[in-house]
Amino acid sequence: MAKSKTAADGDVVTIKKYANRRLYDTERSCYITLDDLGMMVRDGRDFRVVDAKSGEDITHNVLTQIIMDTETKGETLLPVNFLRHLIGMYGDKMQSMVPQYLEASMTAFRKNQHDVRAALEGALGSNPLAEMTRRNLEMFQQAAGAFIPGAGNTKAKDSEIAALKAEIADLKAELAKK
């Protein structure tokens, strides 16, 4: 996850949540949605959400709501058994250890993900077939994304299919010449 300049500088954007459930971005001076906050998270922007009336920090609740909304749209990330185990931990004697464990696990996962990407990019950069391998990897990722409900948009898929058909036609033409 790339950190933006403001997040790297330690600036935290304050989002005010009003009684009518509207969210106000004090940095950009405009109303935003939960989807906008989700995009801010993915962009590495640091923010906190406060109740406009009481000033109470409600960031945790809003982030949980973003997860709930995303999960109900068919973009499930959390398996049912994981959710059952997580709910089962509430009230358990080990409950206080769960947040630190989950945070450490996610940090390790993100580091491993970054390391794998860096190694893959390094390996592809020194190979003369790198561009073809990159395209194949992209096609594989797109094909895998087709099996995830709600993934991708149809315009992008249509243009990708057209590009693949053109590439296949070029390959057939080359084979026909030989």
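Residue positions are given per chain, counted from 1 along the sequence in the order it is written. Where totals are concerned, whole chains, interfaces and linings use all residues; where local detail is concerned, this predicted model gives features only for residues with pLDDT of at least 70, and gives and counts side-chain atom pairs only at 80 or more. The side-chain quantities take in all heavy atoms of the structure and omit both hydrogens and water.

A. Representation of the overall build of the chain. The helix and strand tally for the chain stands at 7 helices and 4 strands. The helix and strand labels rest on DSSP assignments: H or I over at least four residues marks a helix, E over at least two residues marks a strand, and numbering proceeds from the N terminus. Along the chain, helices (α) and strands (β) appear in the sequence α-β-β-β-α-β-α-α-α-α-α when read from the amino end. Note on exposure labels: buried denotes an accessible area under 20% of the residue type's maximum, exposed denotes more than 50%, and partly exposed covers the range between, all computed with a 1.4 Å probe on protein chains only. Taken across its 178 residues, the chain has 14% of its residues classed as buried. Taking the intrachain contacts of the chain between residues at least 6 apart in sequence as the baseline, contacts between residues at least 24 apart amount to 44%. Surface accessibility in these figures is a Shrake-Rupley result with a 1.4 Å probe; residues are shielded only by whichever protein chains are displayed. For the chain, the exposed area adds up to about 14,000 Å²; of that, 59% sits on carbon and sulfur atoms. It only takes one pair of heavy atoms within 4.5 Å for two residues to be counted as in contact.

B. Examining helix 4 (residues 80-89) more closely. For helix 4, the buried fraction is low: 0 of the 10 residues fall into the buried class. Gly91 sits one or two residues past helix 4 and shows a positive phi near 85°.

C. Representation of the nonpolar core within the structure. The definition of a nonpolar core used throughout is a set of buried Ala, Val, Leu, Ile, Met, Phe, Trp, Tyr and Cys residues joined through side-chain atoms within 4.5 Å. Grouped together as the largest cluster of nonpolar side chains are 11 residues: Val13, Ile15, Leu23, Ile32, Leu37, Met40, Phe47, Val49, Ile58, Val62 and Ile66. Going through the elements one at a time, strand 1 (13-17), helix 2 (34-42), strand 4 (47-51) and helix 3 (59-72) are the ones with two or more residues in this core. When near neighbours in sequence (up to four residues on either side) are disregarded, Phe47 contacts Val12, Val13, Ile15, Leu37, Met40, Val41, Thr59 and Leu63.

D. How the structure looks around the side chain of Thr59. Within the element layout of this structure, Thr59 appears in helix 3. Polar contacts involving the side chain of Thr59 include one to the main-chain amide nitrogen of Val49, which spans 2.8 Å. Look past the residues within four positions of Thr59 in its chain and what remains in contact with it is Phe47, Arg48 and Val49. Any pair of nitrogen or oxygen atoms within 3.5 Å is treated as a polar contact; in protein, a donor-acceptor pairing is required on top of that, and neighbouring residues in sequence qualify only through side-chain atoms on both sides.

E. Representation of the pairing of strand 1 in the model. In this sheet, strand 4 lies alongside strand 1 in parallel orientation, the contact comprising 5 bridges. Residue pairing for strand 4: Lys17 is matched across the bridge by Asp51. Whether two strands pair comes down to DSSP finding at least two bridges between them. Summarising the sheet, strand 1 and strand 2 (residues 23-25) pair through 3 bridges and their orientation is antiparallel. When the sheet's bridge partners are listed, Ile15 is paired in strand 2 with Asp25. Counting the residues that bridge the hairpin from strand 1 to strand 2 gives 5 residues, and of these Arg21 lies at a positive phi of roughly 75°.

F. Molecular detail of the packing of helix 2 against helix 3. Taken N-terminus to C-terminus, the directions of helix 2 and helix 3 make an angle of 100°; their axes are 10 Å apart at the nearest point. Judged by the inter-axis angle, helix 2 sits roughly perpendicular to helix 3. Side by side, helix 2 and helix 3 meet where Leu34, Leu37, Gly38 and Val41 of the first sit next to Val62, Leu63, Gln65, Ile66 and Asp69 of the second. Residue type decides the class: Asp, Glu, Lys and Arg count as charged, Ala, Val, Leu, Ile, Met, Phe, Trp, Tyr, Cys and Pro as nonpolar, and the leftover types, Gly among them, as polar. Taken together, the residues of the contact of helix 2 with helix 3 sort by class into 6 nonpolar, 2 polar and 1 charged. Here an angle of 0 to 180 degrees is reported between the N-to-C directions of two axes, which are lines fitted to C-alpha atoms, with helices fitted over the stretch in contact. Here roughly perpendicular refers to angles of 65 to 115 degrees, roughly parallel to angles under 35, roughly antiparallel to angles over 145, and oblique to all remaining angles.

G. Geometry of the sheet that holds strand 1. If you walk across this open sheet you meet the 4 strands as 3-2-1-4, and the pairing is mixed. Strands at the two margins of the open sheet, each flanked by one partner only, are strand 3 (30-32) and strand 4. Taken pair by pair, the neighbouring strands of this sheet meet at an average axis angle of 35°, ignoring direction. Along the sheet face, helix 3 touches strand 1 and strand 4 and points at about 110° away from the line of strand 4.

H. Seen up close, the packing of aromatic side chains. Aromatic pairing here means that ring centres of Phe, Tyr or Trp (its six-membered ring) are within 6.5 Å. Orientation follows from the plane angle: under 30 degrees is stacked, over 60 is edge-to-face, and everything else is tilted. Taken as a whole and judged by the stated rule, the model has 2 aromatic pairs. Geometrically, the ring pair formed by Tyr24 and Tyr31 is edge-to-face, given 5.1 Å between the ring centres and 70° between the ring planes. Classification of Tyr31 by relative accessible area gives partly exposed; the value is 42%. Members of the aromatic cluster, each reached through a chain of ring pairs, are Tyr18, Tyr24 and Tyr31. Lysine and arginine charges are scored as sitting over a ring when NZ or CZ, respectively, is within 6 Å of the ring centre and within 35 degrees of the ring normal. Of note, Arg22 hangs over the ring of Tyr31, and the distance from its end group to the ring centre comes to 3.8 Å.

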